[in-house]
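Overview (structure and organization)
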Number of protein chains: 2
Amino acid sequence: MKFVIIGGDAAGMSAASRAKRSVPEMEVIVLEKSEDVSYSACGMPYNIADADRDIDDLVVRTAGVFRNKQGIDLFTGCCAEAIDVKNGAVTGTIDNRESFRFFYDRLLIATGGRPIIPDLPGFDHPGVVALKSLADGRRIKNYIKDNDVKKAVIIGMGYVGLEMAEALRARSIEVEMVKPGPDLLPWMPRELAAEVRRELDANQARLHLGCEIKGIDKTADHLHIVCNDRILAADMVLVAIGIEPNSQLAADAGIETGVGSAIAVNHKLQTSNEAVYAAGDCADAYHVVTGQKTWIPLALRANRAGWAVADNVCGKETSLEGVAGTAVFKVFNLEVARTGLSLEESRRCGFEPVDVTINSRSRAHAHPGAQPIWVNLIGDRRTGRLLGTQMVGREGVAHRINAAAVALQAQMSVKAFSETDLAYAPPFGPVWDPLLTAANQLLKKMT
Amino acid sequence: MKFVIIGGDAAGMSAASRAKRSVPEMEVIVLEKSEDVSYSACGMPYNIADADRDIDDLVVRTAGVFRNKQGIDLFTGCCAEAIDVKNGAVTGTIDNRESFRFFYDRLLIATGGRPIIPDLPGFDHPGVVALKSLADGRRIKNYIKDNDVKKAVIIGMGYVGLEMAEALRARSIEVEMVKPGPDLLPWMPRELAAEVRRELDANQARLHLGCEIKGIDKTADHLHIVCNDRILAADMVLVAIGIEPNSQLAADAGIETGVGSAIAVNHKLQTSNEAVYAAGDCADAYHVVTGQKTWIPLALRANRAGWAVADNVCGKETSLEGVAGTAVFKVFNLEVARTGLSLEESRRCGFEPVDVTINSRSRAHAHPGAQPIWVNLIGDRRTGRLLGTQMVGREGVAHRINAAAVALQAQMSVKAFSETDLAYAPPFGPVWDPLLTAANQLLKKMT
C-alpha cells in the first residue's frame, strides 16, 4: 500500500505519522512545497511579539525526525502540480528543477489554505506581508528587524489581524487597522464587539472602519495605504483579510469542491474520488448544528481529520462528527470565544433564533478581582435547541466556551443546557455560571 | 396559597424569591433559625484569609430586603421543631422564647447540612470551630483576632479543610492537617493527589495522615489534639471532616430519608409527602451517570432546586435532571476539579471502568508560561460511556471541567466526547485539549 500525502502541515503530518504508526510497512510519502513541516502556526503572533525568540522555536518536529525516526518518505521543496486520478499519480517539481511522478493507492490532499491578497496596485511590495506559513512568520520578523519598523498598518480585523495587533504593540510598533466593512467583528453582538473595541483603544491600536482600500503607494520613506477617504502611512503592511482553501489542484483533477471552494469530503474524509481524501484547511466539513456543509479552517479539525484519514487508509473505518466552529482568541488582555452559529448565521440556516446577551462576573459575589464576562446565547424557538454562543471577558472565557461546544455536539436543548451541573467555587465564577445565567434568561425569552 | 419554607439559606431563599416573583399574591413564609440569610457561604475561606475584610461583605441580600422589597414573610431566629403533616403545620420557637405554629398548603424543607463533630472529649472547647454558617465564619474571624491565633490544626482534608489551610496560611498562621485515613483525597488517582500534596508542602501546610484522633486536651497555653501516635498543639482547631444533612425534622414527621440520611425527593423535589418538598444540602438527588440516588451537597444544586420547588408550588410543573457532582476548589495556586464518578465509585455502581491519567500542558507548544495539567478520565468498557473526570493544574482546570460535566449530562460516549470541537489558541492550551488527549488515550485502552 502506497499512501501519498500532498502537504506536510497539520493534517498531512498527522495523517502520515498515524498511518506509519498503525501500519509500519506502509509506504508513506509526503510532498511538501516549503521547507517547514510540523510547527505551531497559531503560535506565530506570540513568537513575533518577542524579538528575542527564534521563530524556529515553533517547530514541533523537524523533517529529519519524520524521515529518520518515523520512516516517512518526506520530500520538502516538492510542489505537486497535477493529480492524475485515472492512473493514481501525482506529478510536480522538486526544488523548481526536477520533475517527479508518484503513484498512489490512496492519496490525501492536505494543501491547506492561503491568505487572500487583494488584486490591487502595490500589494507586491516586500513590505506588504501576510501570515500563514512559518516562512511568512520568518519574513515578518526579519522585515521588522531589518527595516526597523516603527509603524504598521493591518488590513483586516479578524483574529489573525487582532492577534498581530497585540504582537506588534508588544514590540512598541504603532498599529493602525483598516477594513472596508463598517463593523468590528460583524458576527458578534454589538455589546461584545464594543468590549473588544475598548480593549483595542486602550492599547492604542487605532481602527479605521468603513475604509475602502484602493492600493498601496511606495514613497521614499513609507508605504502609503490609499483608502477612499484617507491615506495611512506605514513601514510595514500586514494583509489579514482571511484565507481561502488551496483547492485548485483538486478541482483541476475533477474532484468536487463546495462551500467556499473547499474540497468536498464525506464523513470519512473521502472526496468525490474514493481513493482520494482531503483534510485540513483545504477541505470542508459538516456543521454539527446545521448538519450542512461548512468551511471553517481550524487547527484541531486539521489534526483530527488527518488522523481519521490515516485510520481509513489503514483499514480502520472511521467517520468524523462535524465541527461546531469553536474558536478562541486573545486580544491584548481580553479573551474572545465563540462556538456554533451566530444570530445571522442561524437565520440564514433557516432557524428561528432567539438570543440573549448578559453581563456577569468572572468570580463570585464579594470575591476580589472579579471581571465582567459578556455572554451571548442563541436558541431556536421552534425546536428549543441551543444554536451557538459567544463570550468576551478578561478571564474565564477561553475554556468556558467548551461547555457550550460539547452541548452543541450533543444537540442539547437550551433547557437541558440550563440544567447542566457546572463547577462552582468563588475564585472561578458565580454560583450560577455566566453560561447558565444566559441559558436561564434565554429560556424565558423562548417560551 | 400559603407556602412555608424552613431554612433561609440558598435553597430556601431562592425558592421564596422565585415564588413571590411568579405569584406576588402568594403568602411566602420563611423560618430561619439564625439571623443570616442569603450570603456566599463558599466565599468564607477567602474572606477569613483577609483580616481587614468584614465577614458581612459576603451578605448578598439582607433580611430587610427580602421583607420590605420582596414582600416575603421572613422570620429569623425562628427554629422549626416539628412538622405536623396531617394538619399541614410547622411548630417551633422564636428567639428561644415564644412558640409558633404556621399552617401551610405547601412546605419546603431547606434545612441544609451541619458539620460533623466527632463525639470525643474536648470538642466542645470554644477554640474548636467548624465552618458552615456565616455565624461560624464570624466566630472564626473573631477567635483568630481575639486570641492572636498563631497555630491551627485542621481535622479533615476535604475541600473546606484545604481551602481553610490556604486561608490561614495567608494570615501567616502555622497549619497542620490531620486525618485518620492513609490517603489525601482518596477519591483521586495517586498522581493527581501527589500534585496537591506537593502544593500543600510548598506552602508549609503540614499533613498528618493515618492519625486516629482520641480527643482534645486544653492546657494553659494550647489545645492539644491527641492522636494515637502523636500530640499536635494549636491555638485553634478547625473540624472539617464533612457535613451531614439536617433531616431529623423531616424524619420525625415520617418523611422518607435515603442515601446518607438525606431527605428523599423525586425529580420534582417532592418528598414522600406530596405537599412537602425538600431542596438544598438536606435533600438527595439523582446522579446523571448512574440514574441512582446520591447525596452531593453543592451550592448550585441548592439554588436550582429552590427555583424548581418554587415553580412546582406556583403550578409551573418542573422536573430537574440529576447532578453530576461537578466541583472545583483551589488549593493555594492549584485548581482541583472533578465531575461524575471516581474509579472506585464506578466500580461500586456496577460499571466496568477503564481509566487513564495523562499529563498535558496548559498552553501550546513553545508558548511561554505553560503549566502541567493532570487529567484522569474514566469510561465504561461495556457501554463506552464517559463516567467521570478529575483534573489538577495551575491554570485552565476550573472551567475545563465543565466540558466533561456537560458530556456526562448528555450521557456521551468517550468516543463522542473525543470528537468534540473544543477551542484552541496557544495561550489557552495545546491543539488537542488535555481532555481530548485523555479521551483519545482512554479510547485506545477501552477497545
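None of these values were measured; they are calculated from a predicted model.

Some details on the nonpolar core
- Val406(A), Phe417(A), Val406(B) and Phe417(B) are the most contacted members of the largest nonpolar core, which totals 82 residues.
- In this view, Phe417(B) contacts Val406(A), Leu386(B), Ala403(B), Ala404(B), Ala407(B), Met412(B), Leu435(B), Leu436(B) and Ala439(B); residues no more than four positions away in its chain are not counted.

Describing unusual backbone geometry
Residue and element names in this part refer to chain B.
- One non-glycine residue, leucine 269, lies in the positive phi region at around 75°.
- Residue position: leucine 269 is located in the loop between helix H7 (248-252) and strand E18 (276-278).
- Judged by relative accessible area, leucine 269 falls into the buried class, the value being 1%.
- Phi is positive for alanine 366, close to 70°, though the residue is something other than glycine.
- Relative to the helices and strands, alanine 366 is located in the loop between strand E23 (353-361) and strand E24 (372-380).

Overview of the domain arrangement of chain A
All names here are of chain A.
- If you check the domain split of chain A, you get domain 1 (2-114 + 244-313), domain 2 (117-239) and domain 3 (333-446).
- Domain 1 and domain 3 are separated by 35 Å when their C-alpha centres are compared.
- Where domain 1 meets domain 3, there are zero salt bridges.
- Counting the contacts that link domain 1 with domain 3 gives two residue pairs in polar contact (both at pLDDT 80 or more).
- A per-class count over the side of domain 1 that touches domain 3 returns two nonpolar, two polar and no charged.

Remarks on the pattern of salt bridges
All names here are of chain A.
- Tallied over the full model, the rule gives 56 salt bridges over all chains.
- Aspartate 57 serves as the salt-bridge partner of arginine 53, at 3.6 Å between the closest nitrogen and oxygen.
- The exposure class assigned to arginine 53 is buried, which follows from its relative accessible area of 15%.
- Residue class for aspartate 57 comes out partly exposed when judged on its relative accessible area of 34%.
- Residues aspartate 95 and arginine 97 are paired through a salt bridge, measuring 3.5 Å at the closest nitrogen-oxygen approach.
- Looking at aspartate 95, the relative accessible area reads 36%, which means it is partly exposed.

Definitions and limits used
- Residues numbered from 1 in each chain as written.
- Chains lettered and ligands numbered in written order.
- Predicted model: local features only at pLDDT ≥ 70, side-chain atom pairs only at ≥ 80, totals over all residues.
- Heavy atoms only, no water.
- Core = buried A, V, L, I, M, F, W, Y, C linked by side-chain atoms within 4.5 Å.
- Buried < 20%, exposed > 50% of the residue type's maximum accessible area, 1.4 Å probe, protein only.
- Contact = heavy atoms within 4.5 Å.
- Helix = DSSP H or I, 4+ residues; strand = E, 2+ residues; numbered from the N terminus.
- Domains from an automatic or database assignment.
- Salt bridge = Lys/Arg side-chain N within 4 Å of Asp/Glu carboxyl O.
- Polar contact = N/O pair within 3.5 Å; in protein donor to acceptor, adjacent residues only side chain to side chain.
- Nonpolar A, V, L, I, M, F, W, Y, C, P; charged D, E, K, R; others polar.

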